[in-house]
Every structure is written in structure tokens, then in C-alpha cells.
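Structural description and commentary
Residue-level listing of the chains:
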There are 2 protein chains.
Amino acid sequence: MHFEELIKTIKERRQVLQVTQETLAEVSGVGLRTIKQFESGKGNPTLLTLQKILEVLGMEVSLKLTNVSLNK
Amino acid sequence: MHFEELIKTIKERRQVLQVTQETLAEVSGVGLRTIKQFESGKGNPTLLTLQKILEVLGMEVSLKLTNVSLNK
DNA sequence: TATTAAAGAGCCGTATAATGCACTTTGAAG
DNA sequence: CTTCAAAGTGCATTATACGGCTCTTTAATA
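Every chain is numbered independently, its residues counted from 1 as its sequence is written. Chain letters and ligand numbers both follow the written order, the letters beginning at A and the numbers at 1. Residue-level local features of this predicted model are given only where pLDDT is at least 70; pairs of side-chain atoms are given and counted only at 80 or more, and the full residue set underlies all totals for whole chains, interfaces and linings. Side-chain figures throughout are based on the complete set of non-hydrogen atoms in the structure, without hydrogens or water.

An unreviewed UniProt entry lists chain A under the name HTH cro/C1-type domain-containing protein, from Arcticibacter svalbardensis MN12-7.

Structure (C-alpha cells):
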């Protein structure tokens, strides 16, 4: 899942839940500015910030195997 | 997936592929120090750093829905 | 025990994420 | 057009991730 896709998924999830950026900021404990930057594609959030946001939205990070590993 | 679990998964994946931290650093473009800190649980990597590491290990970030969303 | 590879950790400068505040832009409803 | 809520942006400060260098620790093997 690339960056834009992550953003899109999170943004849509927030909107489905009818939560504003401001509310998300308050509930998650992440600064409003940080959320705005992230959703507008400007940021490179830390894992912790991402997890705080996801938790409020009822989501979590998981890891998936892709096909190509170290090209050996 | 919580922090420790992510670390554990990534570390194990690296070991399964028989890649050293040093090689992972070189191939991924992430600093060795950063990888060491991350794997020893000291860090809070940015999403970009995480993605660089995962790509080399043949993995990627994905988002999963959990049960509880905003407790409304 | 000595050697060596891999991993962990201290020190520290640089880059940038996180944040607040104020202002602007956008879009919907009246 | 006006109003209002939500989202986006500029600027500045603080916190911290990134990374190199060096040294230590750990574990495996000779």
C-alpha cells in the first residue's frame, strides 16, 4: 500500500465515520496541524502518529507479504 | 498490530531471508543506525523509513479494520 | 581462550516531524 | 451574495528521527 493509497483510505474512513479533522485530532491526541498535513499529502508521519490516528478510526497497521523479496 | 509485533515480524522476516542489518541498510537506503534502533525497539520510524525497509523484505503496509471505531 | 560477525549503544550534528496560531480557501446551505 | 463549517497553508518553535562514527556486547566457531 503506497503513500497516497494509505492517505486516501484513512481520509475516506474518517469521512464515512463523519468525523472532522478537528475531532480526530482531539480524540487521537495528534495535533490538528499534523493531521491536516498528512491528509493533504504533505507529511511523512511517524509510525506512532499513524497508529494513534488509525486507532480512533477503528483500523490498524498490518504487514502483508508481497511477491518479490530480495532479488537474489 | 502493535509496535512490538511489527518489530518482531520485520526482524524475523529479515532473519528468514538471511539478511544482516547492514545489508538491509545498504539495499533499502535506510541508515544502519536507524535500523538498529528500530529493531531494538528504541525508535519511532517515519512511514517512509518503514516502507523502505519493508520493500526490501518483500512486504508492505496495509490497513485492517478492527472492531471498535469511535465509541459513539 | 582467541577470533570474528552481527547486533546494540553512546555521542552528536543535521534534517524534519509535530505543533500552535493566524489566515485563506473551499463548498454547501440560506 | 452571505454565512458558516471544514479543510488547507504560511510561519516559527520544539521535539525527535536520521545517520555516521566509534566502542561494547553477544554468540558462534576454531
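Another point: unusual backbone geometry. Residues and elements named next belong to chain A. A positive phi angle, near 55°, is found at Gln-18, a position not held by glycine. Going along the chain from the N terminus, every DSSP run of H or I of four or more residues is numbered as a helix, and every run of E of two or more is numbered as a strand. Inspection of the secondary structure assignment puts Gln-18 in the loop between helix H1 (3–16) and helix H2 (21–28). A residue is classified by how much of its surface remains accessible, and Gln-18, at 73% relative accessible area, is exposed. The buried label goes to any residue with under 20% of its type's maximum accessible area, the exposed label to any with over 50%, and the partly exposed label to all in between, with areas taken from a 1.4 Å probe on protein chains only.

To continue, consider the layout of surface pockets. A cavity here means a set of points on a 1 Å grid, drawn over the protein atoms and nothing else, where a 1.4 Å probe fits but cannot get out; a pocket is an open set with protein on both sides within 12 Å along at least five of seven lines, and a residue lines either one if it has an atom within 4 Å of a point. Grid points are joined across faces, edges and corners, and a volume is the space filled by probe spheres set on the points. The calculated volume of the largest pocket comes to roughly 300 Å³. Surrounding the largest pocket, 13 residues form its lining, His-2 of chain A together with Gln-51, Glu-55, Met-59 and Glu-60 of chain B being those nearest its centre. When residues of the lining of the largest pocket are traced back to their parent elements, those giving at least two are helix H4 (47–56) and strand S1 (59–65) of chain B. For the lining of the largest pocket, the element with the highest residue contribution is H4 of chain B, accounting for five residues. A per-class count over the lining of the largest pocket returns seven nonpolar, three polar and three charged. Here the second largest pocket defines a volume of roughly 220 Å³. Only Asp, Glu, Lys and Arg are considered charged, only Ala, Val, Leu, Ile, Met, Phe, Trp, Tyr, Cys and Pro nonpolar, and every remaining residue, Gly among them, polar.

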